[in-house]
Amino acid sequence: MDRLKLRTVLGSHPHVLALKSGELRSERFDLDFIEYTPTNTAFKPMVREQAFDVCEMAIVTYLMAKAHGKPLVLLPATMLGRFQHGYALYNSERGALRPSNLEGKRVGIRSFTTTTGAWIRGILANDYGVNLDKIGWVTFEDPHVADYVDTTERAPKDRKILQMLLDGELDAVLGETSNDPRLKPLFPDPAAEAATWYAQRGVVPVNHLVVVTEALAKSRPDIVAGVYDLLKAGKAKTGAPALPDLLPFGIEANRKPLELIIDYAYQQALIPRRYAVEELFDDTTRRMN
């Protein structure tokens, strides 16, 4: 009997390399890897066409896909988690800028619906009291979920986000990093702010998890469980994680970050209601730990 081949998109993270090399593999199926660089360029075809069987996906993209009835199922397997305070910049040549001074400013972001953007906006609104509606949002790409109506200002097609910041056309940008000495972090000491935030919240901001098609989940739940086990083995192969673990696996390990990003996404009108964590999974993936 032919082995099942699963069209798969995962970033080349350290915990995925053993899967990509074939060092770790299943006895029942093969992960047929398709490379997308950057990985986020695979999210749109996965949401809109279910182009792959298994795909890394930003959590806000998944929440929005669920809200619009897309046939995808989430696995509680984090591929990318990171503290977000270092991904907001301003141009120091135009004077100092702090999070509390963003109202009335123009802020650029690749797409309004990015997960990094949702995390940072949630931090700005909930920790700094920023009224997000008083910021002029300038975006550069469509949302991955076509059903979402994006009302932000769209940057001219030939313009780049960091150049617009340097040219004074934007006051700040979210979701970007730069080595340009003129571009400074909006949060003055991102590492210290992240440490304080984690001490208060006890949450690792998860960015990317993994989804499978609903068709695969319904027809072969055993294979979906096998995919999760393989991903978990890939993580274990990299050794004991540092604390806090930026790659939580399992429902309970992901519960707090999922609850918080659901809150932020709801506050920002990216989803119509607050989902319970259990609603994000199906009967197979809900048991994964």
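Up top is the structure.
Report follows, based on the coordinates. Keep in mind the model is a prediction, meaning the values are calculated, not measured.

**Quick look at helix α8 (residues 221-237)**
With 17 residues, α8 should cover 24 Å at 1.5 Å per step; its first-to-last C-alpha distance of 24 Å lies within 8% of that length. Inspection of α8 places Ile-223, Val-224, Gly-226, Val-227, Tyr-228, Leu-230, Leu-231, Gly-234 and Lys-235 among the buried residues, and these make up the whole buried set. Gly-239 sits one or two positions beyond α8 and adopts a positive phi of about 95°.

**Quick look at the pattern of salt bridges**
Per the stated rule, a full pass over the model turns up 25 salt bridges. The residue Lys-20 makes a salt bridge to Glu-35 at a minimum N-O spacing of 3.1 Å. One end of the pair, Lys-20, is in helix α1 (residues 17-21); the other, Glu-35, is in the loop between β2 (29-33) and α2 (43-49), with 15 residues separating them in the sequence. Given a relative accessible area of 22%, Lys-20 falls into the partly exposed group. Between Asp-222 and Arg-220 there is a salt bridge, with the nearest N and O atoms lying 2.9 Å from each other. The exposure class assigned to Asp-222 is partly exposed, which follows from its relative accessible area of 33%. Look at Arg-220 and you get partly exposed, because its relative accessible area is 31%.

**Side note on helix α3 (residues 59-67)**
Among the nine residues of α3, seven are classified as buried, and the element is accordingly described as predominantly covered. Inspection of α3 places Ile-59, Val-60, Thr-61, Tyr-62, Leu-63, Met-64 and Ala-65 among the buried residues, and these make up the whole buried set. Each element contacted by the buried residues of α3 is listed here: α2, β3 (54-58), β4 (72-81), α4 (115-128), β11 (206-213) and α9 (251-267).

**Here we look at the layout of surface pockets**
Quantified by volume, the largest pocket comes out at close to 360 Å³. Asn-40, Arg-82, Arg-110, Thr-116 and His-208 are the residues nearest the centre of the largest pocket, which is lined by 23 residues in total. Residue assignment for the lining of the largest pocket shows that the elements contributing at least two residues are β3, α4 and β11. A volume near 270 Å³ is recorded for the second largest pocket. What lines the second largest pocket is a set of 14 residues, among which Phe-112, Leu-132, Asp-133, Trp-137 and Gln-268 lie closest to the centre. Taken together, the residues of the lining of the second largest pocket break down into seven nonpolar, five polar and two charged.

**Focus: the sheet that holds strand β1 (residues 4-9)**
Ordered by their spatial adjacency, five strands build an open sheet running β2-β1-β3-β11-β4, and the pairing between neighbours is mixed. Every other strand in the sheet has two partners, leaving β2 and β4 as the edge strands with one partner each. Between one strand axis and the next, the sheet turns through 30° on average, direction left out of account. Across five bridges, β1 lies against β2 in parallel orientation. Bridge pairing in β2 places Leu-6 opposite Leu-31. Relative to β3, α3 is tilted by about 100°, and along the sheet it contacts β3, β4 and β11. Where α8 meets the sheet, its contacts fall on β1, β2, β3, β4 and β11, and the angle it forms with β4 comes to roughly 5°.

Definitions and limits used
- Residues numbered from 1 in each chain as written.
- Predicted model: local features only at pLDDT ≥ 70, side-chain atom pairs only at ≥ 80, totals over all residues.
- Heavy atoms only, no water.
- Helix = DSSP H or I, 4+ residues; strand = E, 2+ residues; numbered from the N terminus.
- Expected span 1.5 Å × (residues − 1).
- Buried < 20%, exposed > 50% of the residue type's maximum accessible area, 1.4 Å probe, protein only.
- Salt bridge = Lys/Arg side-chain N within 4 Å of Asp/Glu carboxyl O.
- Contact = heavy atoms within 4.5 Å.
- 1 Å grid on protein atoms, 1.4 Å probe; cavity = no way out; pocket = protein on both sides within 12 Å on 5 of 7 lines; lining within 4 Å.
- Points joined across faces, edges and corners; volume = space filled by probe spheres on them.
- Nonpolar A, V, L, I, M, F, W, Y, C, P; charged D, E, K, R; others polar.
- Pairing = 2+ DSSP bridges.
- Axes fitted to C-alpha atoms, helices over the stretch in contact; angles between N-to-C directions.

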